[in-house]
Amino acid sequence: MLSKKMQQSLNEQINVELFSGYFYLSMSSYFLGLNLEGFAHWMRMQAQEELGHAMKYYNYLNDRGAKVLFKPIEAPPSDWKSPLHAFEDALKHEKRSTRLINEQMDLAISEGDHATHFFLEWFVNEQVEEESSTNGILQKLRLISDNTSGLLMLDHNVGQRASATS
Ligand code: FEO
């Protein structure tokens, strides 16, 4: 049986993950508006992954016999000053997700909740990957600066991202 505090924390994360899906879909739309289809594709794949994350939490809460409670999902921003600013925002967002997941892990450890601890390990690893891939693109955008050819080349590269796996 999950503690009340743990149920609340995991329920809140469903909202965070669904918001993340909104957030990246909004970025996808922003990039489409700039005719940067590769970045738009990358963000669309990211949005799909986030919905998959929400489903993992949803399934886990159900598996543990806990009540799933949905809250309103905040509207994401719809515009950014530049691709660089969008990726800065994306990295900031991922760092927030990492912090929340780490707090859940701290709670699982303090409660001796081994099942939740094990469940969250996947997310701890996933956040390392998400921060790394987002930061990798951000650093390239910094290198490119105002070089349009570089931006188009990076757009092509990130457009090769395979379908979401999780
Ligand atoms: Fe659900 Fe971007 O981590």
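Before reading further, recall that the structure is shown in the block above.
Residues numbered from 1 in each chain as written. Predicted model: local features only at pLDDT ≥ 70, side-chain atom pairs only at ≥ 80, totals over all residues. Heavy atoms only, no water.

(A) Local environment of the pattern of salt bridges. Under the criterion given, the structure shown has four salt bridges. One salt bridge connects R161 with E49, and the closest N-O pair in it is separated by 3.0 Å. Note that R161 is positioned in the segment after α5 (148-158) and E49 in helix α2 (residues 37-63), a separation of 112 residues in sequence. Notably, a salt bridge pairs R99 with E103, separated by 3.4 Å at the nearest N-O pair. One end of the pair, R99, and the other, E103, are both in helix α3 (residues 83-111), four residues apart, so they sit about a helical turn from each other. Its relative accessible area of 42% is what places E103 among the partly exposed residues. (Salt bridge = Lys/Arg side-chain N within 4 Å of Asp/Glu carboxyl O. Helix = DSSP H or I, 4+ residues; strand = E, 2+ residues; numbered from the N terminus. Buried < 20%, exposed > 50% of the residue type's maximum accessible area, 1.4 Å probe, protein only.)

(B) Looking closely at the environment of A66. Considering the arrangement of structural elements, one finds A66 in the loop between α2 and α3. With a relative accessible area of 9%, A66 lands in the buried category. A C-alpha to C-alpha distance of 34 Å links A66 and W42, two positions 24 residues apart in sequence. Setting aside its immediate chain neighbours within four residues, A66 contacts L2, Q7 and L61. (Contact = heavy atoms within 4.5 Å.)

(C) Expanded view of the packing of α2 against helix α4 (residues 114-144). Running from N to C, α2 and α4 point in directions that differ by 170°, and their axes come no closer than 12 Å. Taken together, α2 and α4 sit at an angle that is classed as roughly antiparallel. Mapping the contact onto sequence places F39, W42, Q46, E49, E50, H53, K56, Y57 and Y60 in α2 and A115, T116, F119, L120, W122, F123, E126, E130, S133, T134, I137 and L141 in α4. For the contact of α2 with α4, the per-class residue count stands at eleven nonpolar, five polar and five charged. (Axes fitted to C-alpha atoms, helices over the stretch in contact; angles between N-to-C directions. Parallel < 35°, antiparallel > 145°, perpendicular 65-115°, else oblique. Nonpolar A, V, L, I, M, F, W, Y, C, P; charged D, E, K, R; others polar.)

(D) Inspection of α3 at higher detail. The first and last C-alpha atoms of α3 sit 42 Å apart over 29 residues, in line with the 42 Å expected at 1.5 Å per residue. Phi for G112, located one or two positions after α3, is positive at around 65°. (Expected span 1.5 Å × (residues − 1).)

(E) Fine view of the packing of aromatic side chains. Enumeration over the complete set of coordinates arrives at 15 aromatic pairs. An angle of 35° between the planes, with centres 5.8 Å apart, marks the rings of F19 and F23 as tilted. Here F19 pairs with F23, and both are found in helix α1 (residues 4-33), just four residues apart, close to one helical turn. Classification of F23 by relative accessible area gives buried; the value is 3%. Ring centres of W42 and F87 lie 5.5 Å apart, and the angle between their planes is 50°; this geometry places the pair in the tilted category. Of the two residues, W42 sits in helix α2 while F87 sits in helix α3, which places them 45 residues apart along the sequence. (Phe/Tyr/Trp six-rings, centres within 6.5 Å; stacked < 30°, edge-to-face > 60°.)

(F) Representation of the layout of surface pockets within the structure. Counted as a void, the largest pocket has a volume near 270 Å³. Secondary structure elements with two or more residues in the lining of the largest pocket: α1 and α3. Take the lining of the largest pocket: its biggest share by element is seven residues, from α1. The residue makeup of the lining of the largest pocket, split by class, is four nonpolar, four polar and five charged. The space that makes up the second largest pocket amounts to roughly 200 Å³. Of all the elements in the fold, those that place two or more residues in the lining of the second largest pocket are α3, α4 and α5. (1 Å grid on protein atoms, 1.4 Å probe; cavity = no way out; pocket = protein on both sides within 12 Å on 5 of 7 lines; lining within 4 Å. Points joined across faces, edges and corners; volume = space filled by probe spheres on them.)

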